[in-house]
Amino acid sequence: MARVRAGAPWASVLRRLDGGERHIAAIAAPRRGDRFRFRSRSVRQATQGLRNGARVAAGVLAASVIWYVTAWPSGIGFIAYVVLVYGLLATREVPVLASAAFARGAVWCAVVAAVYVLLIVPMVTAPEMLAFCLLVPMVVGGLAARTPRLANHAFSFNMFLPVLIGPSNAGRYDESAFLNGTMAFLAAVFFAGAMFRLVLPFRPDEHLRRTIGWAERRLPGLATGRSVPSARTWLMTNAESMVRAVRTGRGVREELLFAYFAAHMAVMVQGLCVIEIREVMAGGALPVPVARRLAAFLRAWTRNPARAAALVPALLRRAEMRAPAGEDLAAALRAIMLHDRSGGVSGR
């Protein structure tokens, strides 16, 4: 899609589509002995990390104040649960959205744990029977974890059910301790969810603006930086960013979301074209004067796109650009200036 928007020759687009189809076929029907693996990585966002840190600091201080004022005997357990729940929810892409499902799973966890503590565990006399009794809720929790709609419910249910039940080999379980611990657990879950909504609340529109700003700031580095990522890496990074925008853009007006996608697609096309120009220049196939003019064009484009536009007609008149081998390079030059003139990228 990026190459079509850039105006690349259709034959070039078809060649890359054929390669993609072969790759998809290899995934759908892998060859015997094929050991190919996808690399997975977690996306790290400094802004979100700082905000989560501020939320945790405010939450722990507020929980400490509650313990200090009320002198709650289970207050230290409440604070410990608050810190633990914060750490678990902070790993989610949008913690405030995950907190509601996490809280519902915690309620189910407390209900099931109460049934086991008050009714089932007192009747069990052998570890084998205890394992057999715990088989049912743990299998249900495991199946829920494999269902995307129930993943956050199962997250809290599976993690805290054994902790709340707390089977012991030495003695009878203290029901009052269970009630105090469960109350501290549920209070911590709801308290953490409320703090995520009150302290630096997540705004999808602000996240979209921050993401497109991050993509735009990377363009000058592609044009003048020493190291240039591959076209595949650039496309995958931006595609992942757009997919995250779909997941986090709940509540955003449709026209605003589409405007974001159009702007991000324009940035992705520009970056792809810049990378292809840099790769051709590094390949050594171009005459030295043409390579120097392209380097001057990229430097001017990062500082003043209007000035860079004046260099494009002279570059396109070069014989190297009109040859079949130079069609992709000429299309890249046209696409860069086309998106600048159309205002597809804001704020650059």
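Small disclaimer: the values here were computed from a predicted structure and weren't measured.

Q: Even after reading the chapter, I still don't get the overall build of the protein chain, so can you show me in this structure?
A: Helix and strand content of the protein chain: 16 helices and zero strands. Out of the 348 residues in the protein chain, the part that is buried amounts to 38%. Partitioning the contacts of the protein chain with sequence separation of at least 6, the portion at a separation of at least 24 is 72%. Summed over its atoms, the accessible surface of the protein chain is roughly 20200 Å², and 63% of this surface lies on carbon and sulfur atoms.

Q: Explain the packing of helix H9 (residues 204–224) against helix H10 (residues 231–248) to me, please; I cannot follow it from the model alone.
A: Packed helix pairs are characterised by how far apart their axes lie and by the angle those axes make with each other. The contact between H9 and H10 brings their axes to 10 Å, and the two run at 170°. Compared by their axis directions, H9 and H10 come out roughly antiparallel. Listed contacts from H10 to Pro204, His207, Leu208, Thr211, Trp214, Ala215, Arg218, Leu219 and Leu222 of H9 are Trp234, Thr237, Asn238, Ser241, Ala245 and Thr248. Looking at the contact of H9 with H10 residue by residue, the class counts come to eight nonpolar, six polar and one charged.

Q: Got a minute to help me understand the packing of helix H4 (residues 75–89) against helix H8 (residues 175–198) in this structure?
A: It is the contact of H4 with H8, at a shortest axis distance of 8 Å, that shows an interaxial angle of 45°. The orientation of H4 relative to H8 falls into the category oblique. Of the two possible hands of crossing, H4 and H8 adopt the one that is right-handed. Residues Gly77, Phe78, Tyr81, Val82, Val85, Tyr86 and Leu89 of H4 lie in contact with H8, whose contacting residues are Gly181, Ala184, Phe185, Ala187, Ala188, Val189, Phe191, Ala192, Met195 and Phe196.

Q: Quick question: what am I supposed to make of a nonpolar patch on the surface here?
A: A cluster of nonpolar side chains, contributed by Val107, Trp108, Val111, Val115, Leu118, Leu119 and Phe190, occupies part of the molecular surface with about 680 Å² of accessible area. The element best represented in the nonpolar patch is helix H5 (residues 95–120), accounting for six residues. Locating Val115 in the fold gives a position in helix H5. Overall, Val115 belongs to the partly exposed group, its relative accessible area being 37%.

What counts and how
Residue numbers run consecutively from 1 along every chain, following the written order of its sequence. Side-chain atom pairs in this predicted model are given and counted only at pLDDT of 80 or more, local residue features only at pLDDT of at least 70, and totals for whole chains, interfaces and linings cover all residues. Side-chain measures here rest on the full set of heavy atoms in the structure, leaving out hydrogens and waters. Helix and strand assignments follow DSSP, with helices taken as H or I runs no shorter than four residues and strands as E runs no shorter than two, numbered in order from the N terminus. Buried means the residue's accessible area, taken with a 1.4 Å probe over protein chains only, is under 20% of the maximum for its type, while exposed means over 50%, and partly exposed covers the values in between. Whether two residues are in contact is decided by their heavy atoms: any pair within 4.5 Å suffices. Using a 1.4 Å probe, the Shrake-Rupley method yields the accessible areas, and only the shown protein chains count as cover for residues. Each axis is a line fitted through C-alpha atoms, and for a helix only the stretch in contact is used; angles between axes span 0 to 180 degrees, taken between their N-to-C directions. Throughout, the term roughly parallel applies to angles under 35 degrees, roughly antiparallel to angles over 145, roughly perpendicular to angles from 65 to 115, and oblique to all others. Each residue receives one of three labels: charged for Asp, Glu, Lys and Arg, nonpolar for Ala, Val, Leu, Ile, Met, Phe, Trp, Tyr, Cys and Pro, and polar for the others, Gly being one of them. Each crossing is labelled by how the near helix is turned from the far one, with a counterclockwise turn of less than a right angle marking it left-handed and a clockwise turn marking it right-handed. Only residues above 30% relative accessible area that lack a salt bridge enter a patch, with like-charged residues linked at up to 9 Å and the nonpolar side chains Val, Leu, Ile, Met, Phe, Trp and Tyr linked at up to 5 Å. Think of a salt bridge as a Lys or Arg side-chain nitrogen and an Asp or Glu carboxyl oxygen that are within 4 Å of each other.

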